[in-house]
Amino acid sequence: MLRLITGRPGPSGFGSASTAEQVTHAIDGSNLTAIVTGGASGIGMETARVLAKRNVHVIIAARNMEAANEAKQRIHKDNKAARVDVEKLDLSSIRSVKAFTDNFKALNLPLNILINNAGIMFCPFQLSEDGVEMQFATNHLGHFYLTNLLLDKMKETAKATGIQGRIVNLSSIAHICPYKEGIRFHKINDKSSYQEKLAYAQSKLANILHANELSRQLQEGGANITVNSVHPGLIMTPLMRHSALLMRTLRAFTCFLWKNVPQGAATTCYVALHPSLKGVTGKYYLDCNEHKPSKLARDEALAENLWDFSNNLVNAARKT
């Protein structure tokens, strides 16, 4: 806690006060291509901007194409040489995820980095078009399917270039307080017992479990790809639109714990680009340093069950 408040660097040399530009200083990503979901606003946009500043070819995947194009223009305004493209992606829709990956593959681009950044938070109960609780559908299931569809492209790129691929899942410190059972497999769509904050935490727990299980599978298969999860920190962004009053009140009493957007994007950019993380996989990062997640997040059986459950949900949605 003291390190968070003071911003004192951890073992990595960076800490809570570090910015995305600082943690990627002097890194040249000119031979890299990255997809950033939710890159049209907040820390997703800052992540896209800084990656582009480091010469990475960035694909902003976003539901709101008007906002995505505005983000692209803002990035180009400050960096004329930036390589930024936008593609439509609604993570709450299995159909949209498939369409996005088909469109991306048609571009015939390599893929070195996948940053699963997009998300929604504390929203009222709602089912996605595929009949899945919206926070779970958007924050976890859409990214789960997206990652699976892009894995072969990432494996091909890593093999052809010799450059290790990296997948980064944005989780949250909120993962420590989900529903009692962690993932409510049999009550995922139960409106009567739905609690928006616990449901959000459940989806963020799922992000870590997904990263851990995928990391295990890729290591077992010998793929040259790492998978890690991160907590960006407390940042006031559009993600909090469903709880703006609560968050502003909370921030008034805990201002020393909050970050600005450049600081909020730091851990993502560090894990995605920093050379010191080559070969590091299946870890959870906070303030640009490895951190131990909750006991549930380290439960290998729960991760395997979530993988099978997610596959079943995706397969069911594809048949409708």
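Values in this document were obtained by computation on a predicted structure and should not be read as measured data.

Visitor: Looking at this model, I keep getting lost on the overall build of the chain. Mind explaining?
Guide: Along the chain, the regular secondary structure elements total 11 helices and 10 strands. A globule of 320 residues ought to have a C-alpha radius of gyration of about 20 Å, and the chain, at 18 Å, matches this closely. Along the longest, intermediate and shortest principal axes, the C-alpha atoms of the chain span 50 × 50 × 40 Å. In the chain, which comprises 320 residues, the proportion classed as buried is 55%. The contacts of the chain with a sequence gap of at least 6 include a subset with a gap of at least 24, amounting to 76%. For the chain, the accessible area works out to roughly 14,100 Å², and carbon and sulfur atoms hold 52% of it. Each charge sign in the chain was given a centre, from 37 positive and 26 negative side chains, and these centres are 4 Å apart.

Visitor: Please explain the pairing of strand β5 (residues 165-170) as it appears in this structure.
Guide: Where a strand is regular, its side chains alternate between the two sheet faces. Burial analysis of β5 places 6 of its 6 residues in the buried class, which makes it a mostly covered element. The two faces of β5 match: G165, I167 and N169 on one face and R166, V168 and L170 on the other face are all buried. In terms of strand pairing, strand β4 (residues 113-116) meets β5 through 4 bridges, oriented parallel. Note that in β5 the partner of N116 across the bridge is N169. Chirality of the crossover, the property in question, places the unit of β4, helix α6 (residues 134-161) and β5 among those that are right-handed. Strand direction decides the pairing type here: β5 and strand β6 (residues 225-231), joined by 6 bridges, are parallel. Within the sheet, the bridge partner assigned to R166 lies in β6 and is T226. Handedness of the crossover joining β5 and β6 through helix α7 (residues 196-221): right-handed.

Visitor: I tried to follow the pattern of salt bridges on my own but got confused; where do I start?
Guide: Between side chains of opposite charge, a pair can form when the charged atoms approach closely. Within the structure shown, the criterion is met by 9 salt bridges. For E21, the salt bridge identified is with R49, shortest N-O distance 2.7 Å. Within this pair, whereas E21 is found in helix α2 (residues 20-23), its partner R49 is found in helix α3 (residues 42-53), the two being separated by 28 residues in sequence. For R49, a relative accessible area of 23% puts it in the partly exposed group. Shared partners join several salt bridges into a network, and the residues in it are E21, E46 and R49.

Visitor: In this structure, what is going on with the pairing of strand β3 (residues 84-88)? I would like to understand it.
Guide: Relative to β3, strand β2 (residues 57-62) runs parallel, the two sharing 5 bridges. For A62, the partnering residue across the bridge sits in β3 and is K88. Following the backbone out of β2, through helix α4 (residues 65-78) and into the adjacent parallel β3, one traces a crossover that is right-handed.

Basis of the calculations
- Residues numbered from 1 in each chain as written.
- Predicted model: local features only at pLDDT ≥ 70, side-chain atom pairs only at ≥ 80, totals over all residues.
- Heavy atoms only, no water.
- Helix = DSSP H or I, 4+ residues; strand = E, 2+ residues; numbered from the N terminus.
- Rg over C-alpha atoms; globule rule 2.2 N^0.38 Å.
- Buried < 20%, exposed > 50% of the residue type's maximum accessible area, 1.4 Å probe, protein only.
- Contact = heavy atoms within 4.5 Å.
- Areas by Shrake-Rupley, 256 points an atom, 1.4 Å probe, with all protein chains shown as cover.
- Lys, Arg positive; Asp, Glu negative; His and termini not counted.
- Charge placed at Lys NZ, Arg CZ, Asp CG, Glu CD.
- Pairing = 2+ DSSP bridges.
- Right-handed = clockwise from strand over helix to strand, strands pointing away.
- Salt bridge = Lys/Arg side-chain N within 4 Å of Asp/Glu carboxyl O.

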